[in-house]
Amino acid sequence: MGELLNNVISVAFILAIYLALWHFPQTIDLLLILNQADAFMFEVPLYFTLLMTSAFLIWNIPKYFYYHNYKDITWSNFLRFVPNQHYRHQYRNTNGRYSYVVKIHMRKIVPRILAVLLLCISALSILNAMELFDLRNTYTDVLNPDNTLLLCILVLLLFSEPRIYKLLQIVFFKIPKTNLIVFLVSIALLALIISLGTLNTQTEKDLGNLFLSNCALALFFLSLSFNSYIVLQKVSKNIFYGSILSAGFMVLISFIVLNFIPKWASLINPLSILVLSLLSLFMFSFILILLGKKLKLPLLSIVLILSFLSAEYLTKNSDHYHLELRTASTERMAMDNYMFYWLKTRKKLIESKEVFPVLIVSAEGGGSRAGLWSFLIHSYLYERTNGKYFEDNLLSLSGASGGGVGNGMFFAEARDAQLNNRDARFLQQKDSKFPQLQYKASVIYRENFLSEAILSLLGRDLFKSVTNLFNFRNRGQLLEDQWKRSHKTFFDAREEEGLLSKEFLSFYEQITSTTQNKDRKVPPLLLVNTTHTQTGNYNIISPVKYDHLRPLNGMNDFITKLQSGHTNASIDLSTALRINASFPFITPVGEIENSGISNQEWSDQYADAGYYDNIGGTVSIGVEEIFKKVLRDSFPELMDKVQIKHVLLVNDEERKIAKTESQLAAPLTTLRNVRYGHTQEIVQKLGERYAVKLKQTTILPLKNIAPKKKNNDNLRIKPVLPLGRYLSTIAIRSMEARLKEVAPQLDKIVELNNDK
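Residues numbered from 1 in each chain as written. Predicted model: local features only at pLDDT ≥ 70, side-chain atom pairs only at ≥ 80, totals over all residues. Heavy atoms only, no water.

## Quick look at the overall build of the chain
Stage number 1. Each helix and strand in the chain was counted, giving 31 helices and 12 strands.
Stage number 2. Relative to the 2.2 N^0.38 estimate, which gives 27 Å for 756 residues, the radius of gyration of the chain is 30 Å and therefore close to what a compact globule would have.
Stage number 3. Each principal axis of the C-alpha distribution contributes one length, and for the chain these read about 100 × 70 × 55 Å.
Stage number 4. When the 756 residues of the chain are sorted by exposure, 56% land in the buried category.
Stage number 5. Considering only residue pairs separated by 6 or more positions, the chain has 78% of its internal contacts joining residues 24 or more positions apart. (Helix = DSSP H or I, 4+ residues; strand = E, 2+ residues; numbered from the N terminus. Rg over C-alpha atoms; globule rule 2.2 N^0.38 Å. Buried < 20%, exposed > 50% of the residue type's maximum accessible area, 1.4 Å probe, protein only. Contact = heavy atoms within 4.5 Å.)

Structure, rendered in structure tokens:
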């Protein structure tokens, strides 16, 4: 434990990697994306290179912290310095006190143990992910990831006992031609890593190959680090240590450059960005510790304390996360009046039908997976009905998190087409860049929406939170920019800024004239939800007012609250979607300065809608009640023809009942599960008759890797669909395949060909 204090930044780095790869769904899913990546032969080597760089730094950086090393370091000899001077001053008599022998042994062994442990954690995290995804194979049948990790720790701890270590050395050196064996084993392990990589077909079974590759990487480093004398006999020590430091500083410089040009981060797998960012913070801490030792000050501790105090007191009221406000020119009518005109402009159409379906859509949250599923369903229904789904039958769109974003992306294009009397097109052209994908939505969600956020969280936004220096776009705004660019590429090239950049209420600017013209139908309601951080209240970003309506009592009107302090203020559609989908930490909560109350220096904060209701069904229930009242009071003759259908766009997730927890863990488990439980309650209230469920769906591999005989069922694969903000092409193709399966169900929902 004493020696770990000398390796404290290594311990912090390893703990961060462990938490990320074992306990956070969005980062656990990145292991799957790494395996499914289109640029697999680039991304996996990059990830492994960053892991190896981390291991070498963890092994060697602590040497620089010993007095007999750092006292002789200067600017001129830094990269050429050999940090092994402390060995010359160690008492080498094996007959010395045991406690001293242990202390000297620990200095040598603990950094190597920690470095190997890092690689074991990364390897076993893949096994852990396979269990979470319920991917059964030989490895998961034989090895339990938690127990195996514990066993690895116990085995590594054996090396920390000098007598056991000495005994293992004696046994090892009795093997003939030890140096040759170490060399051949290292070559064999590298060959194994490369060969397993070339065999990847982006299927779940290849996660086993990725696990084996990472295990081989850990064994390679174990062999190398515990037999380093063999390497140092062949390589100059100056070059060896200089190369390790240079690699660390290259990572740090890359991190700084990416923070200045965050767009570049989206070209790199989020898992690599995560390791690169954490490793850069490790290098920054190393510099502070080394400078502190030279200056005889606890510089790292001072910086951490000052950073904490600054973030808590000096920069707490920074405007860095304030939402960008826009001026609204559209007056909102009351929701019940709006529904009156919605029915009035469709009265003749309803009378011409045997049954007229009125669709109230609720879309479940779940990152890019949920967003794409929602977008695909809407796109299919729009194309299948030549736009009548949106023009005639759709009453409202509600959702949470990713599902809400998919709703908004669809609505923007469909409504703009309606306003400009044109046809919206959601299918890709045949000569598109991605012919294996059918819908434009699929290509949009093929974008990496996560790397920039991770980079900014651990880089520029962290810097801003402790210094409040400079002005730049926060990670939430960077996400909006990505959404805007991707959406504009396919849907609104004629718009200078893009549809998602439009002010939210501007999509309803012609409603007043529409109510006077029976030939133009009132559009559906886009209801974007969010959660008020300070009170936990549900907020609805709505194009209509509803405070006077009992079914929606208690749900705060976001725009009314906003305009009480900022005259005629509103926000962009992209901003509304972002505060609806603010995944914890990855996306910051949005802030609005509370200028409506005098002498108050705090901001209203708005976070992910999924905290309160991860499907938006609470709003949909209220919309149904209000619609029924308007229908009953104003259009009783239409009641027998109108059929209200709650269309639920959900992920078919069967969660296992958690095991009985200890009294210590039970409260936290309750907090973790209550969101899912509440969502299921809402689903049950809405009814699952018209639930359109996303499931893993079997597909064939891509043409360039699929064998010629496509009829062979053994060639088909069933990709797991990750939860985060980055989907692989293979996962998207599986989702499009699922869309084809549910097409007959969707046709029945819109009641095609039911004219009188």
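## Topic: the packing of aromatic side chains
Stage number 1. Per the counting criterion, the structure on display carries 38 aromatic pairs.
Stage number 2. Taking the centre distance of 6.4 Å and the plane angle of 70° together, the rings of tyrosine 64 and phenylalanine 78 count as edge-to-face. With a gap of 14 residues between them, tyrosine 64 in the loop between α4 (40–60) and α5 (67–70) and phenylalanine 78 in the loop between α5 and α6 (85–88) connect regions that are remote in the sequence. Residue tyrosine 64 shares its accessibility class with phenylalanine 78, and that shared class is buried. (Phe/Tyr/Trp six-rings, centres within 6.5 Å; stacked < 30°, edge-to-face > 60°.)

## Considering the pattern of salt bridges
Stage number 1. Applying the stated criterion across every chain, the model contains 23 salt bridges.
Stage number 2. Between lysine 71 and aspartate 72 there is a salt bridge, with its nearest N and O atoms 3.2 Å apart.
Stage number 3. Across the pair glutamate 413 and arginine 422 runs a salt bridge, and its minimum N-O distance is 2.9 Å.
Stage number 4. A residue is classified by how much of its surface remains accessible, and glutamate 413, at 2% relative accessible area, is buried. (Salt bridge = Lys/Arg side-chain N within 4 Å of Asp/Glu carboxyl O.)

## Looking at the confidence of the model for the chain
Low-pLDDT portions of the prediction should not be read for the details of their coordinates.
Stage number 1. Averaged over every residue, the pLDDT of the chain is 87; residues scoring 70 or more account for 91%.
Stage number 2. The least confident element of the chain, judged by mean pLDDT, is helix α26 (residues 511–515) at 67; the most confident is strand β4 (residues 525–526) at 97.
Stage number 3. In the model, residues 704–710 has pLDDT below 50 throughout and makes 8 contacts with residues more than four positions away in sequence or in other chains. (pLDDT = per-residue confidence, 0-100.)

## So, the sheet that holds strand β7 (residues 556–557)
Stage number 1. Pairing in this open sheet of 5 strands is mixed, and the strands run β7-β6-β5-β10-β9 from one edge to the other. Here the strands that pair on one side only, and so sit at the sheet edges, are β7 and β9 (590–593).
Stage number 2. Helix α28 (residues 573–580) rests against β5 (528–532), β6 (538–541), β9 and β10 (603–607) of the sheet, and its axis sits at about 55° to β5. (Pairing = 2+ DSSP bridges. Axes fitted to C-alpha atoms, helices over the stretch in contact; angles between N-to-C directions.)

## A look at the sheet that holds strand β12 (residues 691–694)
Stage number 1. Read across the open sheet, the 5 strands follow the order β4-β3-β2-β11-β12; overall the sheet is parallel. If you trace the sheet from one side to the other, it starts and ends with β4 and β12, each paired once.
Stage number 2. When strand β2 (residues 356–363) meets strand β3 (residues 394–399), the two strands line up parallel, connected through 5 bridges. For isoleucine 360, the partnering residue across the bridge sits in β3 and is serine 396.

## As for the packing of helix α23 (residues 451–458) against helix α24 (residues 460–467)
Stage number 1. It is at 3 Å that the axes of α23 and α24 come closest, and there the two elements cross at 30°. Judged by the inter-axis angle, α23 sits roughly parallel to α24. Between α23 and α24, the residues in contact are Leu455, Ser456, Leu457 and Leu458 and Arg460, Asp461 and Leu462, respectively.
Stage number 2. Here the contact of α23 with α24 is composed, by residue class, of 4 nonpolar, 1 polar and 2 charged. (Parallel < 35°, antiparallel > 145°, perpendicular 65-115°, else oblique. Nonpolar A, V, L, I, M, F, W, Y, C, P; charged D, E, K, R; others polar.)

## A few points about the domain arrangement of the chain
Stage number 1. With domains assigned, the chain is organised as domain 1 (1–236) and domain 2 (325–750).
Stage number 2. Its C-alpha centre places domain 1 at a distance of 44 Å from the equivalent point of domain 2.
Stage number 3. Between domain 1 and domain 2, the residue contacts involve 15 residues of the former and 21 residues of the latter.
Stage number 4. Surface buried jointly by domain 1 and domain 2 totals about 1,600 Å² across both partners, of which 64% is contributed by carbon and sulfur atoms.
Stage number 5. At the junction of domain 1 and domain 2, the tally comes to 0 salt bridges.
Stage number 6. Connecting domain 1 to domain 2 are 1 residue pair in polar contact (both at pLDDT 80 or more).
Stage number 7. Top contributing element to the side of domain 1 that touches domain 2 by residue count: helix α3 (residues 25–36), with 7 residues. (Domains from an automatic or database assignment. Buried area = accessible area lost by both parts, 1.4 Å probe. Polar contact = N/O pair within 3.5 Å; in protein donor to acceptor, adjacent residues only side chain to side chain.)

## Focus: helix α16 (residues 299–314)
Stage number 1. Of the positions making up α16, those classed as buried are Leu299, Leu300 and Ser310. Buried residues along α16 cover an arc of 95° about the axis, so they all sit on one side. Turned more than 90 degrees from where α16 packs its buried face, Leu304, Ile305, Phe308 and Tyr313 sit exposed.
Stage number 2. In this structure, the buried side of α16 is in contact with α2 (8–23), α15 (270–295) and α24. (Arc of directions from axis to C-beta.)

## What to know about the pairing of β6
Along any regular strand, the residues point their side chains to alternate faces of the sheet.
Stage number 1. A two-sided burial pattern is seen for β6, the buried positions comprising Tyr538 and Ile540 on one face and Asn539 and Ile541 on the other.
Stage number 2. Examined bridge by bridge, β5 and β6 share 4 bridges and lie antiparallel to one another. Opposite valine 528, over in β6, you have isoleucine 541 as the bridge partner.
Stage number 3. The turn joining β5 and β6, which pair antiparallel and follow one another in sequence, is formed by 5 residues; a positive phi near 80° is taken by glycine 536.
Stage number 4. Note: β6 against β7, 2 bridges, orientation parallel. Paired with isoleucine 540 across the bridge in β7 is aspartate 557.

## Observations concerning the environment of aspartate 134
Stage number 1. Within the secondary structure, aspartate 134 is located in the loop between α7 (98–132) and α8 (138–142).
Stage number 2. We classify aspartate 134 as partly exposed; its relative accessible area is 48%.
Stage number 3. With 586 residues separating them along the chain, aspartate 134 and valine 720 place their C-alpha atoms 9.5 Å apart.

## Some thoughts on the pairing of strand β11 (residues 642–651)
Stage number 1. When you tally the buried positions in β11, you get 9 out of 10 residues, the bulk of the element.
Stage number 2. Two strands pair when backbone bridges link them, and β2 and β11 are joined in this way by 8 bridges, in the parallel orientation. In the sheet register, isoleucine 360 faces β11, and the bridge partner there is histidine 646.
Stage number 3. Relative to β12, β11 runs parallel, the two sharing 4 bridges. In the strand pairing of β12, valine 650 is matched with lysine 693.

## Re the packing of α15 against α23
Stage number 1. Here α15 crosses α23 at 10°, and the two axes come no closer than 9 Å. The orientation of α15 relative to α23 falls into the category roughly parallel. Contacts between α15 and α23 involve Pro270, Ile273, Leu274, Ser277, Leu278 and Leu281 on the former and, on the latter, Ser451, Ile454, Leu455 and Leu458.
Stage number 2. A per-class count over the contact of α15 with α23 returns 8 nonpolar, 2 polar and no charged.

## Quick word on α2
Stage number 1. The first and last C-alpha atoms of α2 sit 22 Å apart over 16 residues, in line with the 22 Å expected at 1.5 Å per residue.
Stage number 2. Along α2, the residues classified as buried are Ile9, Ser10, Phe13, Ile14, Ile17, Ala20, Leu21 and Trp22. (Expected span 1.5 Å × (residues − 1).)

## Details of a nonpolar patch on the surface
Stage number 1. The grouping of Trp75, Leu291, Leu295, Leu297, Ile302, Ile305, Leu306, Phe308, Leu309, Tyr313 and Leu314 at the surface amounts to a nonpolar patch, some 1,300 Å² of accessible area in total.
Stage number 2. Residue assignment for the nonpolar patch shows that the elements contributing at least two residues are α15 and α16.
Stage number 3. A per-element tally of the nonpolar patch places α16 first, with 7 residues.
Stage number 4. Mapped onto the fold, phenylalanine 308 is located in helix α16. (Patch = residues over 30% accessible without salt bridge, like charges linked within 9 Å, V, L, I, M, F, W, Y side chains within 5 Å. Areas by Shrake-Rupley, 256 points an atom, 1.4 Å probe, with all protein chains shown as cover.)

## Describing unusual backbone geometry
Among all residues save glycine, negative phi is the norm, and among peptide bonds the norm is trans.
Stage number 1. Even without a glycine there, the phi angle at lysine 296 is positive, about 60°.
Stage number 2. By the element assignment, lysine 296 lies in the loop between α15 and α16.
Stage number 3. In the Ramachandran plot, asparagine 468 falls in the positive-phi region, its phi being about 60° despite a non-glycine side chain.
Stage number 4. Looking at where asparagine 468 falls in the secondary structure, it is placed in the loop between α24 and α25 (475–491).
Stage number 5. By relative accessible area, asparagine 468 is classed as partly exposed at 32%.

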